[in-house]
Amino acid sequence: MPAEVTIKINSVVAEHIAPALKAHDFRKSGQRFWHRHPDCIWVFEIQRDKYNQGGSGEFTANIGVYHPAWVEAAISVPRLTFMGPVTDKPAEQNCFLRERLDELASDNANADEGSSSWWKVSPQVSVAELGASITTAIEQHALPWFKRFSHLGVAVDFLDREYVGKRNAWFQKVTAMCGQALLGNNARAAALYAAALSD
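Moving on to the pattern of salt bridges. Under the criterion given, the structure shown has five salt bridges. For the salt bridge of Glu92 with Arg98, the shortest nitrogen-to-oxygen distance reads 3.3 Å. Taking relative accessible area as the criterion, Glu92 reaches 9% and is therefore assigned buried. What makes Arg98 partly exposed here is its relative accessible area of 34%. Of the charged contacts, one joins Asp160 and Arg188 as a salt bridge, the two residues approaching to 2.6 Å between their closest N and O atoms. A residue pair is termed long-range when its members are at least 10 positions apart, and Asp160 in helix H5 (residues 152-163) and Arg188 in helix H7 (residues 186-197) qualify at 28 residues. Using a relative accessible area of 9% as the deciding quantity, one classes Asp160 as buried. According to the relative accessible area criterion, Arg188 is partly exposed, its value standing at 36%.

Have a look at this one:
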């Protein structure tokens, strides 16, 4: 029989997360949900802590925006072929822009300081409490984030401005370069290429 923590997380997903996302035309497979926007794919993925046991544990929601045209451009770079092929059911890790939902939500009552990206599950926390917290985060934070980065230009400029130099420098520079080239911003793409060569 599944552990109590597994049953509780399953209930949160089935009774709260899935209906909240279905209302916005997401489709589900396993722990992953997709919404097909005209220009991209929104990805919402449940991640459970591998140390969950008994009645206690934690889980988080990872979100990402997947732009097929951007991925197609990126996988032409030999060291980025692992990101392909382009798919209509991407994982969150296949997205160039991705975040943890609770890192976007500053008011999550179930997150401990220093571990804000995880919802805490315990016998004292009800399915209704967890469900209310995460569905509020979906409506107030995930959906606006998805909508903001559905525009390729906004997504590329954000990655270029915010991610380059902060996360996996070479990868971020090259993916930003591919995005800027796709947008026709050749001078910026050339600058990113030169910067990537120095890494």
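One can find Asn52 in the loop between strand S3 (41-48) and strand S4 (57-66). For Asn52, the side chain forms a polar contact with the main-chain nitrogen of Glu58, separated by 2.8 Å. Among residues more than four places away in sequence, those in contact with Asn52 are Val5, Ile9, Gly57 and Glu58.

It is worth spelling out the pairing of strand S5 (residues 97-100) at this point. On S5, burial follows the alternation: Leu97 and Glu99 on one face are buried, whereas Arg98 and Arg100 on the facing-out side are not. Pairing geometry for S4 and S5, over four bridges, is antiparallel. Across the sheet, Ile63 pairs through a bridge with Glu99, a residue of S5.

Here we take up helix H6 (residues 169-182). Relative to the 20 Å expected for 14 residues at 1.5 Å per residue, H6 spans 20 Å between its end C-alpha atoms, a close match to the ideal helical length. Summarising burial for H6: eleven of the 14 residues are buried, a large majority. Looking only at H6, the buried set comprises Trp170, Phe171, Gln172, Lys173, Val174, Thr175, Ala176, Met177, Cys178, Gly179 and Gln180. Those residues of H6 hidden inside the fold are in contact with helix H2 (68-74), H5 and H7. In the segment just after H6, Gly184 is the residue with positive phi, at about 85°.

Criteria and thresholds
- Residues numbered from 1 in each chain as written.
- Predicted model: local features only at pLDDT ≥ 70, side-chain atom pairs only at ≥ 80, totals over all residues.
- Heavy atoms only, no water.
- Salt bridge = Lys/Arg side-chain N within 4 Å of Asp/Glu carboxyl O.
- Buried < 20%, exposed > 50% of the residue type's maximum accessible area, 1.4 Å probe, protein only.
- Helix = DSSP H or I, 4+ residues; strand = E, 2+ residues; numbered from the N terminus.
- Polar contact = N/O pair within 3.5 Å; in protein donor to acceptor, adjacent residues only side chain to side chain.
- Contact = heavy atoms within 4.5 Å.
- Pairing = 2+ DSSP bridges.
- Expected span 1.5 Å × (residues − 1).

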